[in-house]
Amino acid sequence: MSPDSAHSALALARASFPMPPGTPVMQTIDGTTSISRRVSCVAPSLEVTEGAGFKVRRPFPLPGRIQFDPFLMLDHLAPRLYAPGEFRGAPNHPHRGFETVLFEPNHTQPSTKDILAGETEHKDSTGHSGRMSPGWVQWMTAGSGVIHDERPTKQFSESGGVVEGFQIWVNLPMEKKMTTPKYQDYAPDKIPKATLFFPGRTATAWANVIAGEANGVQSRISTESPIALIHYIVQPGGKVIWTVPESEQHRSNQWNVGCYVAAGKGKFGGGVVDDDSESDSAGTCADFGDFVIFESAGENSTASGDGVVVFSNTADAGGEDLSVILMAGLPLNEPIARHGPFVMNTRQEIRQAFQDYSEGKFGKIKALVVD
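Residues numbered from 1 in each chain as written. Predicted model: local features only at pLDDT ≥ 70, side-chain atom pairs only at ≥ 80, totals over all residues. Heavy atoms only, no water.

**Section: the overall build of the protein**
We apply this condition: Only runs of H or I of at least four residues qualify as helices and only runs of E of at least two qualify as strands under DSSP, and these elements are numbered from the N terminus. For this analysis, residues touch if any pair of their heavy atoms sits within 4.5 Å. Accessible surface area values rest on a Shrake-Rupley calculation with a 1.4 Å probe, where residue burial reflects the displayed protein chains alone.
Counting secondary structure elements, the protein contains 3 helices and 30 strands. Of the contacts formed within the protein by residues at least 6 apart in sequence, a portion of 78% connects residues at least 24 apart. Split by element, the accessible area of the protein, about 15900 Å² in all, is 51% carbon and sulfur.

Structure follows, in structure tokens:
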């Protein structure tokens, strides 16, 4: 395949996102109208180098934006065509004190079978191992400490292909920092999904409910603090309403809510949300790579809108779909000490983590036996 045709295939893969059907949901607001949270700021991401030399887009942590409590990091390995042997993943590295979420969207499918979609293999010092391909989610609670290894499969290394992925770090509450490491791995057909409709609109949206709840659809993944992590795909003209789960409505004004734009562009937040409204004139514009932060308590948020956020794809018919990672959670409001792969509450705990790692207390990854 020529470089031109390969890049055309990648571009076509990004233009539209055919998705498996999910639970049909008609989006509504309790009562006749509600107020969406307004946008506090739109923060651009920066390109940084990670792992064995691959580039990611990172909206946080960055200088002046150390976290988005309770989330510690969001890295987006944006879709790219890699040559054979070019993508090498992230060899052996430790973690302690938080959770890592790895997600490979199942919409990153090349438009030709000559290009392979990314596959990675994982193994760690607890003996866990597995393989991830598009659509899979791995939720690893590092807790007291693991050594983790993520690399492309032998087939992908030899052939090259398209890779897209997200890595998200979720902080653990102080009392759970040293919990026993564990995994929650789910194949694409085990992740709850919803197909979302909006009154008066023909365009739809699609939700992959990785954690928490969206539009009445509940995730299978258990979390160590109240959070939501949803991947939305919104067609041109489509609109999404997300509300803090009913069980958290009594403190919904405390939740932090943000949206990362993984593809396309749209409008976020703003004013009255009416079930029959066709207008998207209100709201703040955001584009690929932007991280949209909504107002929360302490930022003069409107009480009636504390639990509601809205966003829409303002592209014309036939334009690019809007891909959004919604991240929301009740902030831990605890002190943070972090250094590289360790996130604790004090500098002494960080020093102890380095000492434990150097003394082999995180264990070792067993070598793979190759036939």
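**Considering the pattern of salt bridges**
Charged atoms that come close allow side chains of opposite charge to pair. As a reminder of what qualifies: Criterion for a salt bridge: a side-chain nitrogen of Lys or Arg within 4 Å of a carboxyl oxygen of Asp or Glu. Exposed residues in this analysis have more than 50% of their type's maximum accessible area, buried residues have under 20%, and partly exposed residues fall in between, with area computed by a 1.4 Å probe over protein chains only.
One pass over the full model with this rule turns up 14 salt bridges. Measuring nitrogen to oxygen at the nearest pair gives 3.5 Å for the salt bridge that ties Arg-38 to Glu-295. Of the two residues, Arg-38 sits in the loop between strand 2 (33–35) and strand 3 (39–44) while Glu-295 sits in the loop between strand 26 (290–294) and strand 27 (308–312), which places them 257 residues apart along the sequence. We classify Arg-38 as partly exposed; its relative accessible area is 36%. On the basis of relative accessibility, which here comes to 14%, the residue Glu-295 falls in the buried class. One salt bridge connects Arg-80 with Glu-86, and the closest N-O pair in it is separated by 2.2 Å. Owing to a relative accessible area of 33%, Glu-86 belongs among the partly exposed residues under this scheme. Among the charged side chains, a salt-bridge network with shared partners connects Arg-96, Asp-356, Glu-359 and Lys-361.

**Looking at the environment of Lys-190**
Along the polypeptide, Lys-190 turns up in the loop between strand 15 (182–186) and strand 16 (193–197). Once the C-alpha coordinates of Lys-190 and Ser-219 are considered, the two residues, 29 residues apart in sequence, prove to be 9.5 Å apart.

**Section: the packing of aromatic side chains**
Selection rule: When two rings of Phe, Tyr or Trp (its six-membered ring) have centres within 6.5 Å they constitute a pair, described as stacked for plane angles under 30 degrees, edge-to-face for angles over 60, and tilted for the intermediate range.
Here the structure, examined in full by the defined rule, presents 14 aromatic pairs. Ring geometry for Phe-166 and Tyr-260: centres 6.5 Å apart, planes at 80°, overall edge-to-face. Residue Phe-166 is located in strand 14 (residues 161–171), and its partner Tyr-260 is located in strand 22 (residues 256–263); the two are separated by 94 residues in the primary sequence. Ring plane angle 65° and centroid distance 6.4 Å describe the contact between Phe-342 and Tyr-357, whose orientation is recorded as edge-to-face.

**Focus: the pairing of strand 8 (residues 98–103)**
How we decide: Between any two strands, at least two bridges found by DSSP are needed for them to pair.
Most of strand 8 sits inside the fold, with 6 of its 6 residues counted as buried. Of the two faces of strand 8, the one carrying Phe-98, Thr-100 and Leu-102 and the one carrying Glu-99, Val-101 and Phe-103 are both buried. Relative to strand 14, strand 8 runs antiparallel, the two sharing 6 bridges. Of the residues in strand 14, the one forming a bridge with Leu-102 is Gln-167. Across 5 bridges, strand 8 lies against strand 12 (residues 137–141) in antiparallel orientation. Paired with Glu-99 across the strands is Thr-141, a residue of strand 12.

**Comments concerning the sheet that holds strand 11 (residues 129–132)**
In sheet architecture, strand pairing relies on hydrogen bonds along the backbone and comes in two forms, parallel and antiparallel. As a reminder of what qualifies: Throughout, an axis means a line fitted to C-alpha atoms (over the contacting stretch in the case of helices), and angles, computed between N-to-C directions, take values from 0 to 180 degrees.
Taken in spatial order, the 4 strands of this open sheet run 7-13-10-11, and their pairing is antiparallel. Where the open sheet ends on each side, the last strands, each with one partner, are strand 7 (90–95) and strand 11. In this sheet, adjacent strand axes meet at a mean angle of 20° when their direction is disregarded. One ladder, built from 4 bridges, connects strand 10 (residues 120–124) with strand 11; its direction is antiparallel. The residue bridging Glu-121 from the neighbouring strand is Arg-131, located in strand 11.

**Focus on the sheet that holds strand 21 (residues 239–243)**
Here we have 4 strands laid out as an open sheet, ordered 21-27-23-25, and antiparallel in their pairing. Of all the strands in the sheet, the pair left with one neighbour each is strand 21 and strand 25 (284–286). Between one strand axis and the next, the sheet turns by 25° as a mean value, whatever way the strands run.

**Comments concerning the nonpolar core**
Basically, it comes down to this: By convention a nonpolar core is built from buried Ala, Val, Leu, Ile, Met, Phe, Trp, Tyr and Cys residues, the set being connected through side-chain atoms within 4.5 Å.
Tyr-232, Trp-242, Phe-268, Phe-311 and Leu-326 are the most contacted members of the largest nonpolar core, which has 31 residues in total. Elements with a minimum of two residues in this core: strand 16, strand 17 (205–211), strand 20 (227–234), strand 21, strand 22, strand 26, strand 27 and strand 28 (322–329). Every residue in contact with Phe-311, bar those within four places of it in the chain, is listed here: Tyr-232, Val-234, Lys-239, Val-240, Cys-259, Lys-267, Phe-268, Leu-322, Val-324 and Leu-326. The next biggest cluster of nonpolar side chains, apart from the first, holds 24 residues, and it includes Phe-68, Trp-139, Ile-191 and Ile-210.

Bear in mind that shape data such as this cannot, by itself, settle questions of function.
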